[in-house]
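Structure at a glance
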Amino acid sequence: MTISSSDAFVFFGATGDLAHKKIFPALQAMIRRGELDMPVIGMARAGWTVDKLRERARDSLEQNGGVDADAFVRLSAQLKYVDGDYRDPATYESLKQALGGAARPLNYLAISPSMFGTVVQGLANAGCAKEGRVIVEKPFGRDLASAQALNRTLHEVFQESEVFRIDHYLGKEAVQNLLYFRFANTFLDPIWNRHYVDNVQITMAESFGVQGRGAFYDEVGTIRDVVQNHLLQVIALLAMDAPAGRDPESMRAEKLRLFRAMRPLDPAQVVRGQFRGYRDEAGVAADSRVETFAALCLHIDTWRWAGVPFYIRAGKCLPITATEVVVDLKCPPLAIFDEISPATSNYFRFRLSPEVVISAGARVKQPGEEMRGEPVELIARHEPRSKKLPYERLLRDAIRGDPSLFTRDDSVEAAWRVIDPVLGDAEPVSEYEPGSWGPATAARIVSGDEGWHDPKPEETAPC
Ligand code: BG6
């Protein structure tokens, strides 16, 4: 079966925050690469004109990476704007006119999930959905039940192969490289299991707060915002078995198996924190118990991973902005050189953001007569920052109809099944100081192991 490319890009919520921060920069980059030769139609109910949307696009680019004069001229020429109420059939008639001869639009729903049903039915009634595709943002639902309901809503109009659930982490160069590094190297597989891996830690630290998104954040919290999606996806890529084929569905099938093998989280193995001052943020309830920090331990019940703890820690207002995975290997079976015990120096480190780093920790002997060593890090890849925007890559794939980097309905539901037991007030929330590593109680999550590995500022890349 040949998969046809979309022939128009329609984005609902064109005047909103997501369009400003992510969509316009990605569109400009795609135009620069010659990957977006089609009408680009912004939809909103704001009483704007296309000129106002162009101004907004320019402002977005100025603030997010810069305006490329040539590409911007082309983007402006391709840009159209349809203003209207999403509940009004006339809005979709105007969209139809704006589409002209285009018959296979890619519809990006950068809007509240409560409007998904209205918009997809509006598209269908106007005949704009027949060969169309739809992109939806994370978090996909608030829990398992609402994710199932959203899937039903989308499937009333679109087939699963036409639904693209975006998780921008999957479009990051470093996350792609994680998958590549695992399955392109034979030396990893023999040790990538419970016999050699002691524990796995993932830290997603952000040194900033909620950045004006208080109202959104207070509805969501850290576990829904980044754990259910970005961080469980990273674990899936770290822990899944090799796909049985090279097609996107083989990859998605292996990921699904892994999600299904994750044990639902135990509230006793979760610590939730809230930074001091969060309740003073605009849009945040004065008595909010929503977490801005979470630390937890996850188990994967497979032959490969039984008994290996996967520790996750994520939070706002922490000491640094960095996302890092450390796969700690077990100690050598006997301490032949007294100085090593008890800590191991063998690990793999994957820095996912802002830099891209893949490295392995080892010990080597110091020069001299004594059998005394030191830890070193062997660096396989070190780039200051990846050049391609995740959204650029993902939007291009969705236009081409390639689902490899998008989350399937069954996987998203399986991920919620893991998270559901710890949502809401399952555990109390403890206050922490901005600039600290969260509540001191987070240490108990890793007790028995070496403690949390705090990501450090990355040294500059070696020449
Ligand atoms: C988003 C979250 O999905 O990811 C934000 O909603 C978070 O709260 C962001 O800051 C982090 O993404 P990145 O690419 O900047 O690491």
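What comes next is a walk through the structure. (Residues numbered from 1 in each chain as written. Predicted model: local features only at pLDDT ≥ 70, side-chain atom pairs only at ≥ 80, totals over all residues. Heavy atoms only, no water.)

Remarks on the sheet that holds strand β1 (residues 8–12)
- The parallel open sheet is built from 6 strands, whose spatial order is β3-β2-β1-β4-β5-β6. Each having just a single partner strand, β3 (79–83) and β6 (163–165) make up the two edges of the open sheet. Each neighbouring strand pair of the sheet contributes to a mean axis angle of 20 degrees, computed without reference to strand direction.
- Both β1 and strand β4 (residues 105–109) contribute to a ladder of 5 bridges, which runs parallel. Bridge pairing links F9 to L106 in β4. (Pairing = 2+ DSSP bridges. Helix = DSSP H or I, 4+ residues; strand = E, 2+ residues; numbered from the N terminus. Axes fitted to C-alpha atoms, helices over the stretch in contact; angles between N-to-C directions.)

Examining the side chain of S353
- Looking at the secondary structure, you find S353 in strand β12 (residues 347–353).
- For S353, a relative accessible area of 14% puts it in the buried group.
- Among all residues touching S353, those that are not within four sequence positions of it are K172, A322 and T323. (Buried < 20%, exposed > 50% of the residue type's maximum accessible area, 1.4 Å probe, protein only. Contact = heavy atoms within 4.5 Å.)

As for the sheet that holds strand β15 (residues 429–432)
- Spatially, β14-β13-β12-β11-β7-β10-β9-β8-β15 is the arrangement adopted by the 9 strands of the open sheet, whose pairing is mixed. Whereas interior strands pair on both sides, the edge strands pair on one side only; in this sheet they are β14 (373–383) and β15. With strand direction ignored, the average angle separating the axes of adjacent strands in the sheet is 15 degrees.
- As defined by bridge partners, strand β7 (residues 197–205) adjoins strand β10 (residues 310–315) across 6 bridges and the pair is classed as parallel. Counterpart to V200 in the pairing with β10 is F310.
- Those strands touched by helix α8 (residues 214–239) are β7, β8 (270–275), β9 (293–298), β10, β11 (322–329) and β12, and its axis lies near 145 degrees from that of β10.

Quick word on the site of the ligand
- Taken together, the residues surrounding the ligand are K138, H168, Y169, K172, M204, E206, R213, D225, H230, K316 and S353.
- Between the ligand and R213, the relevant distance is 2.9 Å, taken from an oxygen atom to a side-chain nitrogen or oxygen of the residue.
- Considered on its own, the ligand offers 400 Å² of accessible surface; in the complex 78% of this is hidden by protein.
- Along the lines of polarity and charge, the residues of the shell around the ligand split into 2 nonpolar, 3 polar and 6 charged. (Near = heavy atom within 4 Å. Polar contact = N/O pair within 3.5 Å; in protein donor to acceptor, adjacent residues only side chain to side chain. Areas by Shrake-Rupley, 256 points an atom, 1.4 Å probe, with all protein chains shown as cover. Nonpolar A, V, L, I, M, F, W, Y, C, P; charged D, E, K, R; others polar.)

Digging into the pattern of salt bridges
- Inspection of the entire model under this criterion finds 34 salt bridges.
- Ionic pairing is found between R304 and D241, a salt bridge with its closest N-O pair at 2.7 Å. One end of the pair, R304, is in the loop between β9 and β10; the other, D241, is in the loop between α8 and α9 (248–261), with 63 residues separating them in the sequence.
- Residue classification places R304 among the buried residues on the basis of a relative accessible area of 17%.
- As a salt-bridge pair, E254 and R257 come within 3.1 Å of each other at their nearest N and O atoms. (Salt bridge = Lys/Arg side-chain N within 4 Å of Asp/Glu carboxyl O.)

A short note on helix α6 (residues 144–155)
- Spanning 12 residues, α6 covers 16 Å between terminal C-alpha atoms, matching the ideal 16 Å at 1.5 Å per step.
- Looking at the buried side of α6, the elements it contacts are α5 (116–125), β5 (133–136), β6 and α11 (409–419). (Expected span 1.5 Å × (residues − 1).)

Digging into the packing of helix α7 (residues 173–183) against α8
- At a minimum axis separation of 9 Å, α7 and α8 run at an interaxial angle of 15 degrees. When the axis of α7 is compared with that of α8, the two are roughly parallel. Relative to α8, α7 is oriented so that their crossing is right-handed. Two secondary-structure elements touch here, α7 through V175, L178, L179 and R182 and α8 through V234, L237, L238 and A239. (Parallel < 35°, antiparallel > 145°, perpendicular 65-115°, else oblique. Left-handed = near helix turned anticlockwise from the far one by under 90°.)

So, the pairing of strand β13 (residues 356–365)
- A large share of β13 lies buried, amounting to 7 of its 10 residues.
- Both β12 and β13 contribute to a ladder of 5 bridges, which runs antiparallel. Looking at the pairing, F350 lines up with I358 of β13.
- Between the antiparallel neighbours β12 and β13 lie 2 residues.
- With 10 bridges connecting them, β13 and β14 associate as antiparallel partners. Looking across to β14, one finds that R363 is bridged to P375.

Some thoughts on unusual backbone geometry
- At the junction of K138 and P139, the peptide bond is cis and its omega measures out at -5 degrees in the coordinates.
- Note on placement: P139 falls in the loop between β5 and α6.
- Note the cis peptide between S353 and P354, where omega equals -5 degrees.
- Checked against the element boundaries, P354 lands in the loop between β12 and β13.
- Notably, Q211 is not glycine yet its phi reads approximately 50 degrees, a positive angle.

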